[in-house]
Amino acid sequence: MTTIANSRPLLDQTGMCDDATLRGSCYEIDLEAIRHNYRQLRAQLGGHVKVYACLKRNGYGCGAGPVAAALASEGAYGFAVASLMDAIAIRREGVSHPLLLYPGPGIAAARTIEALGLTVSISSIDELRQWRSVIGSLSVFIKVDLGFFRAGATPLSVCDLLAAAEDDQRVRVEGIYAHMSELPPAGSQMAQAQYGRMRAVVMHAERLGLRPPLVMMSSTNGVLNHPEMDFDAVDPGALFFGVAEGSLGSRSMPLQPALKTVRTRLVSVKRVDRSLGTVPEIAGLRRGMLLGVIGMGWGDGLPRQLPPNVTALVRGRRARLLPPSHLEHIRIDLSDVPDARFGDEVVLLGKQAHQTITHEEIASQWGTDVVGLYGLLRDHIPKIYL
Ligand SMILES: *Cc1c(COP(=O)(O)O)cnc(C)c1O
């Protein structure tokens, strides 16, 4: 049996408020932005091209289940995840679409994979044999490595694998897929070399009568910059969350960010007086100042090595977070917000009154890029869907 921690039944019994109110912190996720981004993509693809939305890492931190339900309602063909937890979250929303499992779980998860009706990724004949030894009737996508040096059969070995899979009556080959290399040197020459390898694999498979129904190799970078690589299906992920690295590709799509707000509250406000003793040598900490504490820390995805220039919004004004970062708390200099009070909202990303903290600003402050910011979202922080 699979179990997932869920605090709701307890909360409902006690008649208490929602998770966000209980915790004081939350992420606001705009499902309409995600639907908009899907429609932007769909409008640029040929009608025959299927969309497998990649919702790995709990839907880029935005919640694989609710995001899958939103995309299913827009007509997405299928989904792809690496973790069984994400697959379970999607099925729990009642989404019964094709669901591809990227390399991740091993054969010990066979019962769960069968119960959820998942398609597994296979990169070698050994993997095929192992899966067949535990699953009688197996659906697979063959994964090919076009030069990323990660999972996937080499272009040289992939047709033997296809032949072995096709040879087995109890194995259904749904497709063949690849993920384009993100290693340097990047650029269109490298992309074209990988595209060339995929075309050669497909042509070889066709000659042997082994071409599977679906060929797929385009993630966000591919669909934005290389329309020729659409083949039969595409599996972008970041795109749905409004993240287009190095955008302005050959397909221009106005995307909207899925993550609207990261907010918490002031859990403490006080004047630093002399009864506290010697003020520690922490930049920004002074006797007489108005000192606050916010209800988020490095355990909630904020940087453990907090840089000195990170600001948050309190009462529509910018206030500086004071390193060091603690597990669930960080100090904040409220000198410019003298009217701040316990319980005030603190915005780390998004709008408050006339001030805005952008994704780019917070990503650079947290020492990452915008897609990395989505990767830092923590599953224990309540999500509010707009
Ligand atoms: C992560 C991943 C994707 C999606 O990549 P994005 O850059 O987020 O679009 C697609 N396919 C595979 C195999 C992946 O691992």
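Residues numbered from 1 in each chain as written. Predicted model: local features only at pLDDT ≥ 70, side-chain atom pairs only at ≥ 80, totals over all residues. Heavy atoms only, no water.

An unreviewed UniProt entry lists the protein chain under the name alanine racemase, from Rhizobium wenxiniae. Note on the protein chain: under the UniProt heading Cofactor (unreviewed entry), the record states "pyridoxal 5'-phosphate". Per UniProt, the protein chain carries the Catalytic activity (unreviewed entry) text "L-alanine = D-alanine". (UniProt positions renumbered as here; feature names shortened; annotations may be inferred.)

**Details of the pattern of salt bridges**
One pass over the structure, following the stated rule, counts 18 salt bridges. Close ionic contact of R317 with D339 constitutes a salt bridge, the shortest N to O distance being 3.2 Å. Remark: D339 occurs in the loop between β14 (330-333) and β15 (345-352) and R317 occurs in strand β13 (residues 317-325); sequence separation between them is 22 residues. One network of salt bridges, in which partners are shared, links E32, R35, R39 and E74. (Salt bridge = Lys/Arg side-chain N within 4 Å of Asp/Glu carboxyl O. Helix = DSSP H or I, 4+ residues; strand = E, 2+ residues; numbered from the N terminus.)

**A look at the domain arrangement of the protein chain**
Splitting the protein chain by domain gives domain 1 (31-241) and domain 2 (259-385). Centre-to-centre separation of domain 1 and domain 2, based on C-alpha positions: 39 Å. Counting from both sides, the interface comprises ten residues of domain 1 and, opposite them, seven residues of domain 2. The largest share of the area that domain 1 buries against domain 2 comes from R57, Y60 and C62, three residues that together contribute 45% of it. Our enumeration of links across domain 1 and domain 2 arrives at one salt bridge. One salt bridge connects D379 with R57, and the closest N-O pair in it is separated by 3.1 Å. (Domains from an automatic or database assignment. Contact = heavy atoms within 4.5 Å. Buried area = accessible area lost by both parts, 1.4 Å probe.)

**Description of the packing of helix α3 (residues 31-44) against helix α5 (residues 64-74)**
Between α3 and α5, whose axes approach to 9 Å, the crossing angle comes to 45°. The angle between the axes of α3 and α5 places the two elements in the oblique class. In terms of crossing hand, the pair formed by α3 and α5 is right-handed. On α5, the residues touching L31, I34, R35, Y38 and R39 of α3 are P66, V67, A70, L71, S73 and E74. Of the residues contributing to the contact of α3 with α5, the split by class is seven nonpolar, one polar and three charged. (Axes fitted to C-alpha atoms, helices over the stretch in contact; angles between N-to-C directions. Parallel < 35°, antiparallel > 145°, perpendicular 65-115°, else oblique. Left-handed = near helix turned anticlockwise from the far one by under 90°. Nonpolar A, V, L, I, M, F, W, Y, C, P; charged D, E, K, R; others polar.)

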